[in-house]
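# Structural overview for review
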Amino acid sequence: MKRDKYMGMDVHQATTVVAVMDAEGKIVLETIVATAAAPIRRLIESISGAVHITLEETTQAEWLYELLQGFVAEVVVCDPRRNRLLSEGSKGDRADARKLAELLRTGMVRSVWLGRQTTRGLKEMVRSYETFAADARRTMLALRFHSTGCSIALPAH
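Let me begin by describing the structure that accompanies this report. Chains are numbered independently. Their residues run from 1 in the order of the written sequence. Confidence filtering applies because this is a predicted model: local features only for residues at pLDDT of at least 70, side-chain atom pairs given and counted only at 80 or more, and all residues used for totals across whole chains, interfaces and linings. Hydrogen atoms and water are omitted, and side-chain values are computed over all heavy atoms in the structure.

## Regarding the nonpolar core
Going by this rule: By nonpolar core is meant a set of buried Ala, Val, Leu, Ile, Met, Phe, Trp, Tyr and Cys residues that side-chain atoms within 4.5 Å join together. Under the scheme applied here, a residue whose accessible area is under 20% of the maximum for its type counts as buried, over 50% as exposed, and between as partly exposed, the area being computed with a 1.4 Å probe on protein chains only. Counting from the N terminus, the helices are DSSP H or I runs at least four residues long and the strands are E runs at least two residues long. The contact definition used throughout considers only heavy atoms, calling two residues in contact when any of these lie within 4.5 Å.
Judged by nonpolar contacts, the single largest core of 21 residues is most densely connected at Met-7, Met-9, Ile-40, Ile-44, Ile-53, Leu-55 and Leu-68. Only strand E1 (5-11), strand E2 (15-22), helix H1 (37-45), strand E4 (51-56), helix H2 (61-68) and strand E5 (74-78) provide two or more residues apiece to this core. A per-element tally of this core places H2 first, with five residues. Excluding its chain neighbours within four sequence positions, the residues that come into contact with Met-7 are Val-18, Ala-19, Val-20, Leu-43, Ile-44, Ile-47, Val-51, His-52, Ile-53, Thr-54, Ala-101 and Leu-104. Ranked by size, the runner-up nonpolar core spans seven residues in total, among them Cys-78, Leu-100, Leu-103 and Val-109.

What follows is the structure, given as structure tokens:
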């Protein structure tokens, strides 16, 4: 726990503002990285100890969650409207990243999103079923037309 680091990420389309805090609340790193997988992973790999990350729920949250899950100790996607402390004090990307790190360190950030992994298997099964049903309909039509002596070119799937 002493070596744990708490990272707040203020994510935007092109860049991400990052603040990293140690277990005592001291800022150990502030930086801006490109919002891309490789730079974010390199940054996390450069940090010693277990890394806990929080970021706000935005359009970038899903792919970042997928990228970071299992790579760090914890990923928390939070709703900015539920974190009242984010609206207090100075505004700005750097201040937001610091506040997110502090809220995570003190256990005051609540996860509102657990990723899409829980539904991924279901979605794959539904997609497989739909493909199977379409193939079965196409086959039944082909058999019906073939048995009546009609010929028709069926569209490919």
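## Remarks on the pairing of E5
Filter applied, for reference: DSSP calls a pair of strands paired once it identifies at least 2 bridges connecting them. Handedness of a crossover is defined as follows: with both strands directed away from the viewer, a clockwise route from the first strand across the helix to the second makes it right-handed.
With four of five residues buried, E5 lies mostly within the body of the structure. Of the strand pairs in this sheet, E4 and E5 are connected by five bridges, and their pairing is parallel. Bridge pairing links Leu-55 to Val-77 in E5. With H2 bridging E4 and its parallel neighbour E5, the resulting β-α-β unit is right-handed.

## Here we look at helix H4 (residues 93-105)
Cut-off, in case you're wondering: Expected helix span is given by 1.5 Å per residue-to-residue step, counting one fewer step than there are residues.
Between the first and last C-alpha of H4 there are 18 Å, a value that for 13 residues agrees with the 18 Å anticipated at 1.5 Å per step. Within H4, burial applies to Ala-95, Asp-96, Ala-97, Lys-99, Leu-100, Ala-101, Leu-103 and Leu-104. Following H4 by one or two positions, Gly-107 has its phi on the positive side, about 75°.

## Focus: the pattern of salt bridges
For clarity, the cut-off: A carboxyl oxygen of Asp or Glu within 4 Å of a side-chain nitrogen of Lys or Arg is what we treat as a salt bridge.
Across all of its chains, the model carries four salt bridges by this definition. Between Arg-98 and Glu-30 there is a salt bridge, and its shortest N-O distance comes to 2.4 Å. One end of the pair, Arg-98, is in helix H4; the other, Glu-30, is in strand E3 (residues 27-34), and 68 residues separate them in sequence. Salt bridges sharing partners connect three or more residues here, namely Glu-30, Arg-94 and Arg-98.

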